[in-house]
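Topology and contacts: notes
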Amino acid sequence: MANIALDKPRSRKRATSFAASGGRPRSLTASIVIYASVALFALWVLLPVWYLVVSSLITPAQLGIKPFPIVPSSITFDNYWSVLTGDTGSKGFGSTDVGSRLLPAIGQSFFVSSVLVILNLLIAGHAAYGLSRYPFSGSRLFELSIIISRVIPAIAIIGPFFVAFRVMGILNTPWALIISYNVFTLPLAIMILKNYFDQLPREIEEAAKIDGASRMQTLWIIIVPIAKPGLVAAGVLIFLEGWSEFFYSLVLTNQLTVPPLLAGFQSVQQFNWNSLAAATVMSMIPPVVLVIIFQRHVVGALTAGAVK
Amino acid sequence: MFGLKLTAPAGILLAALLLVPTVLTVLYSVHDVPANGRSLGPFVGLENYTIVLSSNVFWRSAWVTSLFSIGFVIFSTLIGLAMAILLNQRFVGRGLARAMLIIPWATPWLVIGILWKWYADGSVGGLNAILLKLGIISDYHDFLSDPNSALALTVVAAVWRQASFAGILLLAGLQTLPDDLNEAASLDGANLWQRFTNITIPWLRPALITVTVLNIIYAFLQFDVIFAMTQGGPGDATQVLSILIYRQLFGVTQIGLGSALAVILGVIALVGGLLTVKILYRAERTHG
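A brief report on the enclosed structure follows. Computed from a predicted structure; not experimentally measured.

Each value, and the rule that gives it
- Residues numbered from 1 in each chain as written.
- Chains lettered and ligands numbered in written order.
- Predicted model: local features only at pLDDT ≥ 70, side-chain atom pairs only at ≥ 80, totals over all residues.
- Heavy atoms only, no water.
- Contact = heavy atoms within 4.5 Å.
- Buried area = accessible area lost by both parts, 1.4 Å probe.
- Salt bridge = Lys/Arg side-chain N within 4 Å of Asp/Glu carboxyl O.
- Polar contact = N/O pair within 3.5 Å; in protein donor to acceptor, adjacent residues only side chain to side chain.
- 1 Å grid on protein atoms, 1.4 Å probe; cavity = no way out; pocket = protein on both sides within 12 Å on 5 of 7 lines; lining within 4 Å.
- Points joined across faces, edges and corners; volume = space filled by probe spheres on them.
- Helix = DSSP H or I, 4+ residues; strand = E, 2+ residues; numbered from the N terminus.
- Axes fitted to C-alpha atoms, helices over the stretch in contact; angles between N-to-C directions.
- Parallel < 35°, antiparallel > 145°, perpendicular 65-115°, else oblique.
- Nonpolar A, V, L, I, M, F, W, Y, C, P; charged D, E, K, R; others polar.
- Buried < 20%, exposed > 50% of the residue type's maximum accessible area, 1.4 Å probe, protein only.

Let's talk about the interface of chain B and chain A
Each partner contributes to the interface: chain B provides 88 residues, whereas chain A provides 88 residues. When residues of chain B are sorted by the area they lose upon contact with chain A, Phe 2, Leu 6 and Arg 90 of chain B head the list and together hold 8% of the total. Inspection of the chain B/chain A interface yields zero salt bridges. At the surface where chain B touches chain A, the tally comes to six residue pairs in polar contact (both at pLDDT 80 or more).

Brief notes about empty space enclosed by the protein
One pass over the structure, following the stated rule, counts three cavities of 30 Å³ or more. Here the largest cavity is characterised by a volume of approximately 1100 Å³. In this structure, the largest cavity is lined by 42 residues; those nearest its centre are Arg 150, Phe 184 and Glu 241 of chain A together with Trp 109 and Tyr 218 of chain B. Secondary structure elements with two or more residues in the lining of the largest cavity: helix 8 (154–168), helix 10 (182–199), helix 13 (228–244), helix 14 (247–252) and helix 17 (295–307) of chain A together with helix 4 (94–106), helix 7 (147–175) and helix 9 (192–221) of chain B. Broken down by element, the lining of the largest cavity gets its largest block of residues, six residues, from helix 10 of chain A.

Focus on the packing of helix 4 (residues 78–85) of chain A against helix 16 (residues 273–293) of chain A
All names here are of chain A. In the contact formed by helix 4 and helix 16, the axes pass within 8 Å of each other and the chain directions differ by 75°. By the angle between their axes, helix 4 is roughly perpendicular relative to helix 16. Touching Asn 79, Tyr 80, Ser 82, Val 83 and Leu 84 of helix 4 are Asn 274, Ser 275, Ala 278, Ala 279, Val 281 and Met 282, all from helix 16. Here the contact of helix 4 with helix 16 is built from residues that sort into seven nonpolar, four polar and no charged.

Some thoughts on unusual backbone geometry
That bond from Gly 233 of chain B to Pro 234 of chain B is cis: its omega, -5°, falls within 30 degrees of zero. Relative to the helices and strands, Pro 234 of chain B resides in the loop between helix 10 (224–229) and helix 11 (241–251). Of note, the phi angle at Gln 255 of chain A is positive, near 50°, even though the residue is not glycine. Its location among the elements puts Gln 255 of chain A in the loop between helix 14 and helix 15 (258–267). Using a relative accessible area of 23% as the deciding quantity, one classes Gln 255 of chain A as partly exposed. At Gln 231 of chain B, a residue that is not glycine, the phi angle is positive and equals roughly 55°. Mapped onto the secondary structure, Gln 231 of chain B falls in the loop between helix 10 and helix 11. According to the relative accessible area criterion, Gln 231 of chain B is partly exposed, its value standing at 43%.

Details of the environment of Val 117 of chain A
Residues and elements named next belong to chain A. Summarising the element assignment, Val 117 is placed in helix 6 (residues 102–133). Spatially, the C-alpha atom of Val 117 lies 42 Å from that of Gln 62, the residues being 55 residues apart in sequence. Those residues in contact with Val 117, other than ones at most four positions away along the chain, are Gly 235, Ile 238 and Phe 239.

This is how it looks when you write it as structure tokens:
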């Protein structure tokens, strides 16, 4: 009996190696179910995006056709041209203002997000390293309060920010956003980086200590280079947060960055969806490209940042 | 003390940016703050809270928030789980499909709101065109101006993004599941469902707890998608608490009332998150 039982797995294993992809052999039905589900998944993700892209590439006249031309007969880049130059001609929205403000807003979004990345990597990097390697009394409490800070609604703290920034005279400047965004990017960056430092072997630092390097030198000369993947991942996630943020920018500035500008588009009378679609596509390109390039890093960091 | 020195700048910054405004908002909530916000105004105790808690607008909004949150949490988590399991199978084009999974997550929340608002539009929307071609509807329908479907559509839009987030985290969890475990179970005669409930789910439980708790917090604090799609309308059909607070603070500048509401929302998110952690961990313990 025992022999038969032992035999069975072996014969199964052999059959496995013949499967094309090296996995368990799969029945035809299972394959059909899987590919049908993949198709469904692709439609769920891509249909809205496809709708957006097509809308940005057709004329208002084409858009008016019912049903919506899922595969358009012809395409045009006029919408992109008009939102980038503010040259609305006769084909666009009522306000040339909104169109001509897109490029400056993209510039501001890049500026805010980039400064935020540098500041956060510096501040959160030091903090995360300290928490990971030199825990002090109260460091657990600090980590815990960082996690709990996630439940504080932005809307609950925006009032005091508004008042303080008005007094400082920095309302409607990128600095209002660079300062206030720390509320959510700093905790995120600290969690991701602390988790990353926790996984780095301590032996290297001990060797550096024996060689007479100071603790600060060790951090900058030894740790920073080997922690690069973690720093890149944290940087990408911070950039994404800065790029996507809408609420603070809506309240603290006059449509300075891209998201509130896009929202503002919708309340302008006589604008058309084609132009807004073109602007929306452009606002999606930087985050999507960035994330696809750094896919592996980002997913790892996201998992760490969420679980911890 | 070196650790404290390294952490101090972050600690001071967060205290200044998070703690101080939070305390101020709590202070506002027990004062009758003038509309210009220059001073605290007279102390009114818990009056703002009693006004809020006895108003129909608040309870109606809390109800809408609950409906939104229940739909958002359940569907984001379940669809995310289904996508993670699917993308963990072997098939041609899996790498591409996994890259696709990231797109909704990388899209800014506000853009998701704008995208779905127009996708669901009653005259130029793509959703209508698709449903029409499939024969599900016979004529174009303006989903967002219909109080019966507006909330459901904001849920769908928010789920579109958040299911991807859940999918990414759960897929990462599944990838650490050793193949041998499933192989051994199937050799022992466990069918697909048994393997799912006895191996996959227990293995994913920590990740599932994380995802669910985060989804609950995201649900209560959601603002961007609803602001872009309906601004709380039609009527008050999609006026979740965050939208109501926005209107109180910036529409009618009732700073005291708005602050009391904001404190209540924060407490709800905190309690909701903590309760979920507790319930799910207890479930984990009883499951062994």
